[in-house]
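If you want the building blocks of each chain, they are given just below.
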Amino acid sequence: MKNNITSKRRDVLKAMAGFAASLVVPKVARGEKSTAKPFDWADDSIHYDPHDHNWGMGVDIDKCIGCGRCSNACKIENDVPKEPFFFRTWVERYQVKENGETIIDCPNGAIDGFEKHPEGDDVLRSFFVPKLCNHCENPPCVQVCPVGATYQSADGVVLVDADYCLGCRYCIQACPYGARFLHPVTRTAEKCTFCYHRIVRGEEPACVEACPTEARVFGELDQKASPLHRFKRMNHIGVLKPALNTEPKVFYANLDMEVK
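Treat the numbers as computed from the prediction; the structure is a model and nothing was measured. Think of each chain on its own: its residues are numbered from 1, step by step along the sequence as written. For this predicted model, a pLDDT threshold of at least 70 governs which residues receive local features, and a threshold of 80 or more governs which side-chain atom pairs are given and counted, while totals over whole chains, interfaces and linings are taken from all residues. Derived side-chain values reflect all non-hydrogen atoms in the structure, with water molecules and hydrogen atoms excluded from consideration.

1. Comments concerning the overall build of the protein
Line of reasoning, step 1. In this description a helix means any DSSP run of H or I spanning at least four residues, a strand means any run of E spanning at least two, and both kinds are numbered starting from the N terminus. What the protein contains, in helices and strands, is 7 helices and 11 strands.
Line of reasoning, step 2. Note on exposure labels: buried denotes an accessible area under 20% of the residue type's maximum, exposed denotes more than 50%, and partly exposed covers the range between, all computed with a 1.4 Å probe on protein chains only. Burial analysis of the protein (260 residues in total) assigns 47% to the buried set.
Line of reasoning, step 3. Contacts were defined at the residue level, with two residues in contact if any of their heavy atoms lie within 4.5 Å. Considering only residue pairs separated by 6 or more positions, the protein has 63% of its internal contacts joining residues 24 or more positions apart.
Line of reasoning, step 4. The Shrake-Rupley method, run with a 1.4 Å probe sphere, supplies the accessible areas, and residue values consider only the shown protein chains as cover. A total accessible area of about 14200 Å² is found for the protein, and carbon and sulfur atoms account for 52% of it.

Below is the structure:
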């Protein structure tokens, strides 16, 4: 009896997902950006048109000191679960040895910083790499979502509509950057949104504002006066996993070849 009930529930869920997918997937599959307003502003005084913007972020690895303030600010600002394995942004430490071995650690997302490791004579260099959702121009997470809950706004920010999310985890598996997780309470997909609730008010993402060394830069990709445009012009720029052709919009200055 229990198996029959479970089977019927699965059939109902599949039918619901299939019907919803028939409504939204064709547009997503064509790679079109959503023209809908990402969400209803609680404040009627906010006048924001996503068609007027194209957002991105820059990270200068040479400036990152691994203090973890960005991770902590993100947790607080976005009410990210306190468990140590849920993050919208985190910082990894890379230690490269003479023999080519690379040691990577990231204790608690770097919220509490890093303990100083005894670096022997065989360690050539060490550096810190902040990571987050790359808000790809060609986001694989959008392509696999069966109900269109994960979508790309007209301003290039990849968002998740929790009201539609089924918690199927397809997007989590599809993300090549490990930037998504399933919220333990809502059971919906979560990720960095560039602090969308802040940028629509003309503010910077919390991680950018909290960085004491200005290692993170946020701005418009298409405006020459934008800090991000200047950042890209003045530095040697790289992106994570370029061979995947996701066209990330998080750009790294002084990116080391050992970074994964």
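What follows continues from the structure just given.
2. Points about the nonpolar core
Line of reasoning, step 1. By convention a nonpolar core is built from buried Ala, Val, Leu, Ile, Met, Phe, Trp, Tyr and Cys residues, the set being connected through side-chain atoms within 4.5 Å. One finds Met 57, Phe 194 and Tyr 252 to be the most contacted residues of the largest nonpolar core, which totals 42 residues.
Line of reasoning, step 2. Broken down by secondary-structure element, the contributors of at least two residues to this core are strand S1 (55-60), strand S2 (89-97), strand S4 (123-132), helix H5 (196-199), helix H6 (206-210) and strand S11 (250-253).
Line of reasoning, step 3. For Tyr 252, the contacting residues outside a window of four places in its chain are Val 59, Ile 61, Val 129, Pro 130, Lys 131, Leu 132, His 236, Ile 237, Gly 238 and Leu 240.
Line of reasoning, step 4. Of all hydrophobic cores here, the second largest spans 9 residues; its members include Cys 145, Val 147, Val 158 and Cys 165.

3. What to know about the pattern of salt bridges
Line of reasoning, step 1. Whenever Lys or Arg places a side-chain nitrogen within 4 Å of a carboxyl oxygen from Asp or Glu, that contact is recorded as a salt bridge. As enumerated under the stated definition, the model contains 11 salt bridges in all.
Line of reasoning, step 2. Between Glu 137 and Lys 249 there is a salt bridge; the shortest N-O distance is 3.5 Å. Placement of Glu 137 in the loop between S4 and helix H3 (140-144) and of Lys 249 in the loop between strand S10 (237-238) and S11 is noted, with a sequence separation of 112 residues between them.
Line of reasoning, step 3. Look at Lys 249 and you get buried, because its relative accessible area is 3%.
Line of reasoning, step 4. Salt-bridge contacts for Arg 201 lead to Glu 203; the nearest nitrogen and oxygen are separated by 3.2 Å.
Line of reasoning, step 5. For Glu 203, a relative accessible area of 31% gives the class partly exposed.
Line of reasoning, step 6. Where salt bridges share partners, they join Glu 77, Arg 198, Arg 201, Glu 203 and Glu 209 into one cluster.

4. Describing helix H2 (residues 69-77)
Line of reasoning, step 1. Listing the buried residues of H2 in full gives Cys 70, Ser 71, Ala 73, Cys 74 and Lys 75.
Line of reasoning, step 2. Where H2 is buried, its residues meet S2, H6 and strand S9 (216-220).
Line of reasoning, step 3. Positive backbone phi, at 50°, marks Asp 79, one or two positions downstream of H2.

5. Quick notes on the pairing of S9
Line of reasoning, step 1. Taking burial as the measure, the 5 residues of S9 include 5 buried ones, the bulk of the element.
Line of reasoning, step 2. When S1 meets S9, the two strands line up antiparallel, connected through 5 bridges. Residue pairing across strands places Met 57 opposite Phe 218, the latter belonging to S9. Think of it this way: DSSP has to see at least two bridges between two strands before they count as a pair.

6. Describing the sheet that holds S1
Think of a sheet as strands paired side by side through backbone hydrogen bonds, with each pair either parallel or antiparallel.
Line of reasoning, step 1. Taken in spatial order, the 4 strands make up an open sheet running S9-S1-S11-S10, and their pairing is mixed. Each end of this open sheet is capped by a strand with a single partner; those strands are S9 and S10.
Line of reasoning, step 2. Note on geometry: axes are lines fitted to C-alpha atoms, helical ones only across the stretch in contact, with angles between N-to-C directions running from 0 to 180 degrees. Packed onto the sheet, helix H7 (residues 227-234) meets S1, S9, S10 and S11 and runs at close to 115° relative to S9.

7. Side note on the confidence of the model for the protein
Line of reasoning, step 1. Think of pLDDT as the predictor's per-residue confidence, scored from 0 to 100. The predicted model of the protein averages 86 in pLDDT, with 82% of residues at 70 or higher.
Line of reasoning, step 2. This model gives residues 5-10 a pLDDT under 50, and the stretch forms 0 contacts once residues within four places in sequence are excluded.
Line of reasoning, step 3. Between residues 12-31, whose pLDDT stays under 50, and residues either more than four places distant or in other chains, the model counts 19 contacts.

8. Remarks on the sheet that holds strand S3 (residues 102-105)
Line of reasoning, step 1. One open sheet holds the 3 strands; their spatial order is S3-S2-S4, and the pairing between them is antiparallel. Two strands close off the open sheet at either side, each with one partner strand: S3 and S4. Direction aside, neighbouring strands of the sheet carry axes that sit 20° apart on average.
Line of reasoning, step 2. The pairing of S2 with S3 spans 4 bridges and is antiparallel. Bridge pairing links Gln 95 to Ile 103 in S3.

9. What to know about the environment of Gly 66
Line of reasoning, step 1. Following the sequence through the fold, Gly 66 ends up in the loop between S1 and H2.
Line of reasoning, step 2. C-alpha separation for the pair Gly 66 and Cys 106, spaced 40 residues apart in sequence, amounts to 9.7 Å.
Line of reasoning, step 3. Sequence-distant contacts of Gly 66, that is, excluding residues within four places in its chain, are made with Val 91, Gly 113, Phe 114 and Phe 128.

10. Points about the packing of aromatic side chains
Line of reasoning, step 1. Ring pairs are drawn from Phe, Tyr and Trp, using the six-membered ring of Trp, whenever the two centres fall within 6.5 Å, and their geometry is named by plane angle: stacked under 30 degrees, edge-to-face over 60, tilted for the rest. Tallied over the full model, the rule gives 7 aromatic pairs.
Line of reasoning, step 2. With a centroid separation of 5.0 Å and an interplanar angle of 20°, the aromatic rings of Trp 55 and Phe 218 are classed as stacked. A residue pair is termed long-range when its members are at least 10 positions apart, and Trp 55 in strand S1 and Phe 218 in strand S9 qualify at 163 residues. The burial state of Trp 55 is the same as that of Phe 218; both residues are buried.
Line of reasoning, step 3. In this structure an aromatic cluster arises from ring pairing among Trp 55, Phe 194 and Phe 218.
Line of reasoning, step 4. Across the ring face of Phe 87, the terminal group of Lys 75 is positioned such that the distance to the ring centre comes to 4.6 Å. By definition, being over a ring means that NZ of Lys or CZ of Arg is both within 6 Å of the ring centre and within 35 degrees of the ring normal.

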